[in-house]
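Close look at the chain arrangement
Chain residues, written in single-letter form:
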Amino acid sequence: MSEAFVMLNEQTAAVGEQQMANAIRVLSMDAVQKANSGHPGLPMGMADVATVLFKNFLKFNPEHPNWPDRDRFVLSAGHGSMLLYSLLYLTGYPGTDIDQIKNFRQFGSLTAGHPEVDHTPGVETTTGPLGQGIANAVGMALAERMQNARLGDRLCSHYTYVIAGDGCLMEGISHEAISLAGHLKLGKLIVLFDDNEISIDGATSLSVSDDQLKRFEASGWDTIRIDGHDPEAIFLAIEAARNSDLPSLIACKTIIGYGAPGKQGTAATHGAPLGEDEIAQTRQALGWPYAPFDVPADILNEWRAAGGRSRPAYDSWQHEAQNLNDAERARLIDPIDKQICHQIEKAVGQIKAEFQQEHTSVATRVSSQQALEKLVPVVPSLVGGSADLTGSNGTRTAHHSPVRHDDFSGTYLHYGVREHAMAAAMNGIALHGGIVPYSGTFLVFADYCRPAIRLSALMKQRVIYVMTHDSIGLGEDGPTHQPVEHLSSLRSIPNLNVFRPADAVECAECWQIALTSPSTPSILSLTRQNVPLLRTKSTAGNLTANGAYILRNCQGPRQATIIATGSEVSLACTAAEHLENHGYQITVVSMPCWELFAQQPRKYREEVLGTAPRIAVEAGCDQGWHKWIKDEGTFIGMTGFGASAPADQLYEHFGITVEAIVAAATSCIENADQKEA
């Protein structure tokens, strides 16, 4: 037996680790039984692993759940949430008392069906969609290394631990994530694999036969397989992993539902209550004669002692942090404060003035890069990246240097062709604190990112997605690369700002909003093709922040309103000019962000949209547009997929033209006149 393991247990244990682990098991099975819903199998199977981790290794302080230098613990297999909730209660996290355990999965409780960040102190990320957690953890471990390069060991040096199940490792995102982590040699990332060989359908042999150790080894990880019910083996494996220069996989051979004599080792324990009879037998098998939700004082005290184990480390960190001023300390968590916001506003003002002075036609992906050239120096926490499309996305500036496994001081991440892991890792970076992540790919590949984008929105994280080549305007690459339904699809996600700027000035304003929105992720949908500068005169404030605004107003009573986004706004303006030359009174509304416009007061929205007939123009599908143009409005856009051809030919072919807008407006006005007559 390991001398270190023996000494640790002699010094700290008043009760055995088996009893501590059993506390997790019985709390989990009792909570699931009371809720008549949940997953007892994982908490019961991984209780021994979690006990060794929290008792001996994890650096945390329940009294200060947001301590920047705490270790991160990610339950990637979020369905086993009662494992985490039991640990939070047992170690003394505020709020998660025994009543919360009893109210598992009930409305308003802190113990939701799956862990939710910012809902429950001690939960590091929202998990449940399998594989997302392990990819989040890669982002957290990456953020730790980057912050360590900036702050040093005394202020930032911690580990990221993950409990992942078979399902997490089956999901494709896990391949992208472990490949990236291995490439960057994230030695402070430790994955504890619940290797129980059971999934919902039954034995994992029904669907998978991968050798996970070889798979991780091929990606540059240290690996080991242990008995997940042997505390000494668990201890030694974690200790070895902590001393490795590579990320580590510890495959913990466990029995799902451990302790339930009639159901352990079967899929019956995965996602359903054990039942009263089985619970009674489990109590007997575990030697646990106590009532439901009753944890004896000596066992609870041992757990509370584990919760207080890192207080000296916390106090030491606080002493070191005194060398930082108040603003620097706050930026360890939220890196964009009022001072930085002011600097962003000032920089954007200068950027807009330069654009208006130069008066050039450029693609919004280019004006985005030009804006970043000015913004990166004033936002030190801004870290960029791309999924192997750096030149196309325009996400790298002259101020960037790459992040490498031997140098984490850089500010640009080459994610490779790993869009899903890129998006999920950015969530982890944002959750870690201290860094604002953005990265790019083509808008059509938002489909690869979508599950992580949804979680960005659900978790209220400031993550910025630069999505270029946003329409048929990308041209010859054809329908596989031409997004049609993507804007509508992304706009359907709550708490997500989808921006489609019309020109360079709007693009700069979009960046200002994205950077200064602490609880909302952003999509910047940008063109490949050049667009003219439309905002040629200086205006007070950020007009894009209104979501939509009158770009070109008429002189007399409005006869029609043309609403457009992105590259189609210039078509709307040209059409309005033509119509005005023929005596019509036309207003053009630029609508760069539906979501922000929907938040404006009703009076403002009515003033912008007016009561005249409305025509919407966007090189995408019409889904959602009738909210703004009503049933009687006209939509000019796409009704199917695109084609391979130069952009101007495609716009002509699909009828997204000045002539089509003029014809639609003329028809609307004539019909309105006839109705009045």
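So, here is what we can say about the structure in this document. Keep in mind the model is a prediction, meaning the values are calculated, not measured.

The rules behind each value
Residues numbered from 1 in each chain as written. Predicted model: local features only at pLDDT ≥ 70, side-chain atom pairs only at ≥ 80, totals over all residues. Heavy atoms only, no water. Helix = DSSP H or I, 4+ residues; strand = E, 2+ residues; numbered from the N terminus. Rg over C-alpha atoms; globule rule 2.2 N^0.38 Å. Buried < 20%, exposed > 50% of the residue type's maximum accessible area, 1.4 Å probe, protein only. Contact = heavy atoms within 4.5 Å. Phe/Tyr/Trp six-rings, centres within 6.5 Å; stacked < 30°, edge-to-face > 60°. Lys NZ or Arg CZ within 6 Å of the ring centre and 35° of its normal. Pairing = 2+ DSSP bridges. Axes fitted to C-alpha atoms, helices over the stretch in contact; angles between N-to-C directions. Patch = residues over 30% accessible without salt bridge, like charges linked within 9 Å, V, L, I, M, F, W, Y side chains within 5 Å. Areas by Shrake-Rupley, 256 points an atom, 1.4 Å probe, with all protein chains shown as cover. Salt bridge = Lys/Arg side-chain N within 4 Å of Asp/Glu carboxyl O. Lys, Arg positive; Asp, Glu negative; His and termini not counted. Charge placed at Lys NZ, Arg CZ, Asp CG, Glu CD. 1 Å grid on protein atoms, 1.4 Å probe; cavity = no way out; pocket = protein on both sides within 12 Å on 5 of 7 lines; lining within 4 Å. Points joined across faces, edges and corners; volume = space filled by probe spheres on them. Nonpolar A, V, L, I, M, F, W, Y, C, P; charged D, E, K, R; others polar. Disulfide = S-S within 2.5 Å.

1. Here we look at the overall build of the chain
Helix and strand content of the chain: 28 helices and 18 strands. Taking 677 residues into account, the globule formula puts the C-alpha radius of gyration at 26 Å, and the chain, at 28 Å, falls close to it. Overall, the C-alpha framework of the chain stretches about 90 × 55 × 45 Å when taken along its three principal axes. Considering the chain as a whole, with its 677 residues, one finds that 61% of them fall into the buried category. In the chain, the share of contacts with a sequence separation of at least 24, taken over all contacts with a separation of at least 6, comes to 78%.

2. Some points on the packing of aromatic side chains
Applying the stated criterion across every chain, the model contains 17 aromatic pairs. Following the ring pairs from residue to residue traces out a cluster consisting of Trp 594, Phe 597, Tyr 604, Trp 625, Trp 628 and Phe 635. Here the basic side chain of Lys 188 rests over the ring of Tyr 159, its NZ or CZ set 4.8 Å away from the ring centre. Directly above the aromatic system of Tyr 89 lies the positively charged group of Arg 304, at a separation of 5.4 Å from the ring centroid.

3. Brief notes about the sheet that holds strand E7 (residues 248-253)
Spatially, E1-E2-E3-E7-E6 is the arrangement adopted by the five strands of the open sheet, whose pairing is parallel. Looking at the sheet topology across the chains shown, the edges are occupied by strand E1 (72-75) and strand E6 (222-227). Ignoring strand direction, the axes of neighbouring strands in this sheet form an average angle of 20 degrees.

4. With respect to a negative patch on the surface
Taken together, the side chains of Asp 210, Asp 211, Glu 217, Asp 222 and Asp 245 define an acidic patch exposed on the protein surface. Locating Glu 217 in the fold gives a position in helix H10 (residues 212-218). The partly exposed category is assigned to Glu 217, whose relative accessible area is 43%.

5. Concerning the pattern of salt bridges
One pass over the structure, following the stated rule, counts 23 salt bridges. For Arg 145, the salt bridge goes to Glu 144, with nearest N and O atoms at 2.7 Å. With relative accessibility at 19%, the residue Arg 145 sits in the buried group. Between Glu 568 and Arg 500 there is a salt bridge, with the nearest N and O atoms lying 2.5 Å from each other.

6. What to know about the environment of Leu 189
In this fold, Leu 189 is placed in strand E3 (residues 189-195). Along the sequence, Leu 189 and Leu 249 sit 60 residues apart, while their C-alpha atoms lie 8.7 Å from each other. Contacts of Leu 189, omitting those with residues within four sequence positions, involve Ala 137, Val 138, Ala 141, Thr 160, Val 162, Ala 181, Trp 221, Pro 247 and Ser 248.

7. Overview of the layout of surface pockets
What the largest pocket holds in volume is close to 620 Å³. Around the largest pocket, the lining comprises 29 residues; the ones closest to its centre are Asp 118, Ile 333, Ala 430, Leu 431 and Gln 461. At three residues, the largest contribution of residues to the lining of the largest pocket is made by helix H19 (residues 419-432). Residue composition of the lining of the largest pocket, by class: 13 nonpolar, nine polar and seven charged.

8. Quick notes on the pairing of strand E2 (residues 160-165)
Burial analysis of E2 places six of its six residues in the buried class, which makes it a mostly covered element. What you see with E2 is no split at all: Thr 160, Val 162 and Ala 164 on one side and Tyr 161, Ile 163 and Gly 165 on the other are buried throughout. In the sheet, E1 pairs with E2 via four bridges, with the strands oriented parallel. Residue pairing in the sheet places Leu 75 in a bridge with Ile 163 of E2. Strand direction decides the pairing type here: E2 and E3, joined by six bridges, are parallel. Each bridged residue has a counterpart across the sheet, and for Tyr 161 the counterpart in E3 is Ile 190.

9. What to know about the environment of Pro 292
Position of Pro 292 among the secondary structure elements: in the loop between helix H12 (276-286) and helix H13 (297-307). When the C-alpha positions of Pro 292 and Ile 279 are compared, they lie 9.8 Å apart, and in sequence the two are 13 residues distant. Beyond its immediate sequence surroundings of up to four residues, Pro 292 is in contact with Asp 30 and Arg 283.

10. Concerning the state of the cysteines
In the structure shown here, the tally under the stated rule is zero disulfides. Cys 168 provides the cysteine sulfur closest to Cys 252, a residue in no disulfide bond, and the two sulfurs are 13 Å apart. The exposure class of Cys 252 is buried, given its relative accessible area of 0%.

11. Concerning the sheet that holds strand E16 (residues 586-590)
In space, the five strands of this open sheet follow the order E14-E16-E15-E17-E18, with mixed pairing throughout. Either end of the sheet is taken by a strand with one partner, and the two such strands are strand E14 (549-552) and strand E18 (634-636). Between one strand and the next, the sheet's axes are offset by a mean angle of 30 degrees, whatever the strand orientation. Direction of pairing for strand E15 (residues 560-564) relative to E16: parallel, over a ladder of five bridges. The residue bridging Ile 562 from the neighbouring strand is Val 588, located in E16. Against the sheet, helix H25 (residues 602-609) engages E14, E15, E16 and strand E17 (614-617), with an angle of about 20 degrees to E14.

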